[in-house]
Amino acid sequence: MLVFRSEDHVDRWLAGRPRGAIISIAKVAELAEAWWWDRLDPSWQPHTREQNQAILDRLGLTGEFWRLG
Amino acid sequence: MTPEDVATRNATYRRFVELGRAPTADEVAFATGEGSEAVRDAWRRLHDAHALVLDDGGRILMANPFSAVETPFKVEADGRTWYGNCGWDAFGIGAALHTDSTIGTTCPDCTEPIELEVRDYRPTDPNAVFHVLVPARDWWSDIGFT
């Protein structure tokens, strides 16, 4: 999960390998806030797969690539 | 994950932030009153449950989003320097600490530095992009690679 200067830089780095998913840095920030917000909560409890999938879905990260195992 | 394991996990994270680095099993044991061996056993179960990641020696390697070792994702937040395990985790450090942050990394293609200011959980410069190579179903198959 890497940060690039632009999509052109991603493609050059991939050098013909298939792309994974490219998302905006703003979307990553939204995802991080939703995913990690409670990580230091003293009463933290594990997220279920369904809870994590709901975060991805809510942020529009849908489709087979974003389907958790 | 038992309630006792979750309590050990929460104590481990708390000590990580207090120390500004990964705690040892002894340091967590001192905080919780457990024995060090009990902490190490709990860490192993937490590792298997993907709640943290141990290195081959049984030490904390990742307490996601925090990395125990230096990585290409340096984060300044809350008056300290931290390291994220990946670009997503780098944003996660400010989110977990509930504070602004500055992320420093380099473009893997051209090696130019990229500095991202994060204010109120949003980057001030939206030009960079994020590439996820591994599909979500395989993230934990090799978390180091992911």
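Up top is the structure.
What you see is a predicted model; the values in this text were computed from it and never measured. (Residues numbered from 1 in each chain as written. Chains lettered and ligands numbered in written order. Predicted model: local features only at pLDDT ≥ 70, side-chain atom pairs only at ≥ 80, totals over all residues. Heavy atoms only, no water.)

### Comments concerning the overall build of chain B
- When helices and strands are tallied, chain B shows four helices and nine strands.
- Across chain B, helices and strands are ordered from the amino to the carboxyl terminus as α-α-α-β-β-β-β-β-α-β-β-β-β.
- What you see for chain B is a C-alpha radius of gyration of 16 Å, in line with the 15 Å of a compact globule of 146 residues.
- Projecting the C-alpha coordinates of chain B onto the three principal axes gives extents of approximately 50 × 35 × 25 Å.
- The proportion of buried residues among the 146 residues of chain B is 49%.
- Surface summary for chain B: the accessible area is close to 6700 Å², and the carbon and sulfur share equals 48%.
- Of the side-chain charges in chain B, 13 are positive and 24 negative, and the distance between the mean point of each set is 4 Å. (Helix = DSSP H or I, 4+ residues; strand = E, 2+ residues; numbered from the N terminus. Rg over C-alpha atoms; globule rule 2.2 N^0.38 Å. Buried < 20%, exposed > 50% of the residue type's maximum accessible area, 1.4 Å probe, protein only. Areas by Shrake-Rupley, 256 points an atom, 1.4 Å probe, with all protein chains shown as cover. Lys, Arg positive; Asp, Glu negative; His and termini not counted. Charge placed at Lys NZ, Arg CZ, Asp CG, Glu CD.)

### Details of the pattern of salt bridges
- Enumeration according to the criterion identifies 14 salt bridges over all chains in this entry.
- B:R45 is the partner of B:D5 in a salt bridge, and the nearest nitrogen-oxygen pair spans 2.9 Å. Of this pair, B:D5 sits in helix α1 (residues 3–19) while B:R45 sits in helix α3 (residues 36–48), and the two are 40 residues apart along the sequence.
- The exposure class of B:D5 is buried, given its relative accessible area of 3%.
- A salt bridge links B:E18 to B:R15; the shortest N-O distance between them is 2.6 Å. One end of the pair is B:E18 and the other is B:R15, both in helix α1 and three residues apart, which spans about a single turn.
- Among the ionic contacts, a cluster of salt bridges with common partners joins A:E7, A:D11 and A:R19. (Salt bridge = Lys/Arg side-chain N within 4 Å of Asp/Glu carboxyl O.)

### With respect to the sheet that holds strand β1 (residues 53–54) of chain B
All names here are of chain B.
- Judged by pairing direction, the sheet is antiparallel, and its three strands sit side by side in the order β1-β2-β3 without closing on themselves. If you trace the sheet from one side to the other, it starts and ends with β1 and β3 (66–67), each paired once.
- For strand β2 (residues 60–63) and β3, the ladder comprises two bridges, and the chain directions are antiparallel. Its bridge partner being in β3, A63 is matched across the sheet by F66.
- Contacting β2 and β3, α1 runs over the sheet at an angle of about 95° to β2. (Pairing = 2+ DSSP bridges. Contact = heavy atoms within 4.5 Å. Axes fitted to C-alpha atoms, helices over the stretch in contact; angles between N-to-C directions.)

As far as function goes, none of this settles anything; it's purely spatial.
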